[in-house]
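What follows is the residue order along each chain.
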Amino acid sequence: MHPVPDSAPITQEYGANPSAINGPAGHSGRDYGVNTGTPLVSLVDGVVRWANWCTELPGGPNGWAARWFLSLTFGGIVVVVEHDDCFAITAHLSRTDLNPGDVVRKGQVIGWSGATGLGTGPHAHTEILPKPVNYSIGSYGRINPGPYHLEPYRPLTSKVPAPAPAVRAMRNGIDVSSYQPADVTKRVAADFVIVKATEGTGYVNPQLGAQVAAARARGAAVGLYHFATAQASSDEEAAAFLRAAKPYLDAGAVAFLDWEPSGLATYTAWAEDWLRRVDHATGCTTGVYMNLGVSRLGSWSAFAKAHPLWLAFYGAGQRFDGYATSFDPPAVPGWRLAMWQYTEHGRLPGYGGDLDLNVYLGGVTQWDRATGAAVTAAPNIDPLEGLLDMDQKTFDAQRKVAGTPAWYLANGRDHSANLTVAVKTLTGLVKGIPASVLKATVRRVGAGRGQSVSLATLLAYDLDNETREKDTDAKILAALTSIEQRLTALETTKQTKGA
């Protein structure tokens with residue numbers, strides 16, 4: 001589509017006037033002669049990648065400016081819109097109301113013409129930078145914008161929200177905690193945002209609600225993570241997380257376990273129990289975050305490895321001005337690598353501090369469903385676990401379904417015979433626990449901390465300890481009784497002699 005009114009004359013064509021300013025190849029775009037304040041429109045549907053003064057581009061001349069071959073001073077106010085096959089760059093604007101990450105439709109106004117930056121007067125400077133960008137040649141391979149300007153100028157007047165185009169895929173994201181401001185998730189561009197919800201059993205991020213709301217206002221997908229300490233049981237920490245996170249999880253947020261407890265990272269059984277508990281409570285597969293070394297421990301079971309992995313691996317610790325554009329993830333055998341946190345020193349427009357930057361590779365069910373990617377099935381929940389761990393919400397739902405155990409239990413007064421059937425069913429399930437369960441290996445705590453024994457052996461330990469404790473208590477009681485009797489006799493003797 002024509003970016004300016006059809007009557008606007010071309011005042012400088014692509015490739016014209018080789019000079020010190022335009023370079024030996026000539027003008028890098030096409031200029032239109034328009035008065036200040038003329039509305040400029042998007043050529044086709046796309047996503048805004050920059051909309052501000054060039055002087056605000058992060059990282060100086062070797063940062064974001066180098067990404068698109070832009071001058072920090074020449075372009076003034078610039079809008080960069082990413083389309084399927086190219087970046088459309090418009091410079092010297094007097095104003096734009098857009099922000100990075102905004103979705104724009106074909107014909108939507110992206111800004112108003114002006115004379116900011118270096119120029120001889122008001123005009124619209126337009127460029128086309130093909131994808132993938134060719135960084136090895138001058139001006140990165142810019143081409144003549146003419147073929148992209150053939151359709152008549154037709155500005156949109158409707159304010160209906162723009163649908164997401166194909167380029168708006170799940171790709172780049174950040175994770176935040178209370179260390180970042182409440183509105184950071186609205187100030188920076190991100191396809192997804194993962195917010196710290198809880199830590200241990202007693203900490204809830206005081207900015208949880210505000211950071212989630214800001215991310216959703218920006219249109220980002222949302223995840224929540226629990227920082228495990230493993231100082232309490234996995235059930236206690238899972239319950240603490242669910243108390244704070246459940247309303248957001250019910251609204252579509254994805255749960256993650258941040259597994260890096262001090263000195264206990266090899267205690268993988270704890271992490272697996274936490275994942276199992278949260279899987280069951282949400283009905284979805286929970287993700288797990290860890291570093292490369294921990295991901296390669298041999299003690300992770302097939303259960304844990306069926307969960308999407310969010311990997312932290314920084315290589316040489318490189319600083320990034322903007323999201324990375326190419327990736328070579330490390331090998332994580334046996335895992336389904338869903339996300340890679342590739343730096344903790346990332347900078348994005350809109351926020352002046354460091355951020356963790358992540359790339360999404362696929363494998364989180366809710367997010368894949370939203371983008372039309374192949375969806376991974378949710379984990380199978382053990383039916384006995386489901387019955388024994390049935391919460392009030394589930395019970396209330398099942399009590400209305402005739403024939404379910406909850407229905408029989410809720411209507412026991414009128415269905416006593418069927419209630420007996422339900423009880424027998426539950427009893428049969430309990431009796432039907434296979435003997436292999438008793439052969440499962442568990443890790444002891446307390447005096448025997450660290451020992452791996454079978455569940456049957458552990459129960460035998462407990463029974464033996466209980467018997468020993470009873471014997472010891474009996475002996476202590478007998479000794480105390482004997483001492484008391486001797487003291488009584490001695491006191492009687494003293495009284496007799498005194499008389």
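Residues numbered from 1 in each chain as written. Predicted model: local features only at pLDDT ≥ 70, side-chain atom pairs only at ≥ 80, totals over all residues. Heavy atoms only, no water.

What is the right way to look at the overall build of the protein in this model?
When helices and strands are tallied, the protein shows 13 helices and 21 strands. Expressed as a percentage of its 499 residues, the buried residues of the protein come to 41%. Long-range contacts, defined as pairs at least 24 residues apart, comprise 64% of the intrachain contacts of the protein with a sequence gap of at least 6. When the accessible surface of the protein is summed, it comes to about 25,300 Å², and 55% of that surface belongs to carbon and sulfur atoms. (Helix = DSSP H or I, 4+ residues; strand = E, 2+ residues; numbered from the N terminus. Buried < 20%, exposed > 50% of the residue type's maximum accessible area, 1.4 Å probe, protein only. Contact = heavy atoms within 4.5 Å. Areas by Shrake-Rupley, 256 points an atom, 1.4 Å probe, with all protein chains shown as cover.)

Is there a simple way to explain the side chain of Arg142 in this structure?
Following the sequence through the fold, Arg142 ends up in the loop between strand E9 (124-130) and strand E10 (172-176). Residue class for Arg142 comes out buried when judged on its relative accessible area of 4%. For Arg142, the side chain forms a polar contact with the side chain of Glu127, separated by 2.5 Å. With near-sequence residues (within four places) excluded, Arg142 lies in contact with Tyr14, Ser28, Trp68, Phe69, Leu70, Ile89, Glu127, Ile128, Leu129 and Pro130. (Polar contact = N/O pair within 3.5 Å; in protein donor to acceptor, adjacent residues only side chain to side chain.)

Can you walk me through the nonpolar core in this structure?
Inside soluble globular proteins, nonpolar side chains tend to come together where they are buried. The biggest cluster of nonpolar side chains holds 67 residues, and the ones touching the most others in it are Trp68, Ile174, Leu224, Phe241 and Trp259. With 15 residues, the next largest nonpolar core counts Val48, Val79, Leu98 and Ala124 among its residues. (Core = buried A, V, L, I, M, F, W, Y, C linked by side-chain atoms within 4.5 Å.)

Where do I start with the side chain of Asn358 in this structure?
The topology assignment puts Asn358 in strand E19 (residues 351-360). Reaching out from Asn358, the side chain makes a polar contact with the side chain of Asp175 at a distance of 2.9 Å. Setting aside chain neighbours within four positions, we find Asn358 in contact with Arg171, Asn172, Gly173, Ile174, Asp175, Phe192, Trp310, Trp340, Gln341 and Tyr342.

Would you mind going over the environment of Cys284 with me for this structure?
Along the chain, Cys284 falls in the loop between helix H5 (268-282) and strand E15 (287-291). Linking Cys284 and Val364, residues 80 residues apart in sequence, is a C-alpha distance of 9.5 Å.

Sorry if this is basic, but what is going on with unusual backbone geometry here?
Of note, His92 is a non-glycine position whose phi angle comes to about 65°, a positive value. Tracing the backbone through its elements, the reader meets His92 in strand E6 (residues 86-95). You can call His92 buried: its relative accessible area is 1%.

Hey, could you run me through the pattern of salt bridges in this one?
Where charged atoms from two side chains of opposite charge approach closely, those side chains can pair. In this structure the tally under the stated criterion is 13 salt bridges. The residue Glu82 makes a salt bridge to Arg49 at a minimum N-O spacing of 2.7 Å. Residue Glu82 is located in strand E5 (residues 77-82), and its partner Arg49 is located in strand E4 (residues 46-53); the two are separated by 33 residues in the primary sequence. The class for Arg49 is partly exposed, based on a relative accessible area of 22%. The partner of Asp97 in a salt bridge is Arg95, with the nearest N and O atoms 2.7 Å apart. A single network of salt bridges, built from pairs that share partners, joins Arg49, Glu82 and Lys131. (Salt bridge = Lys/Arg side-chain N within 4 Å of Asp/Glu carboxyl O.)

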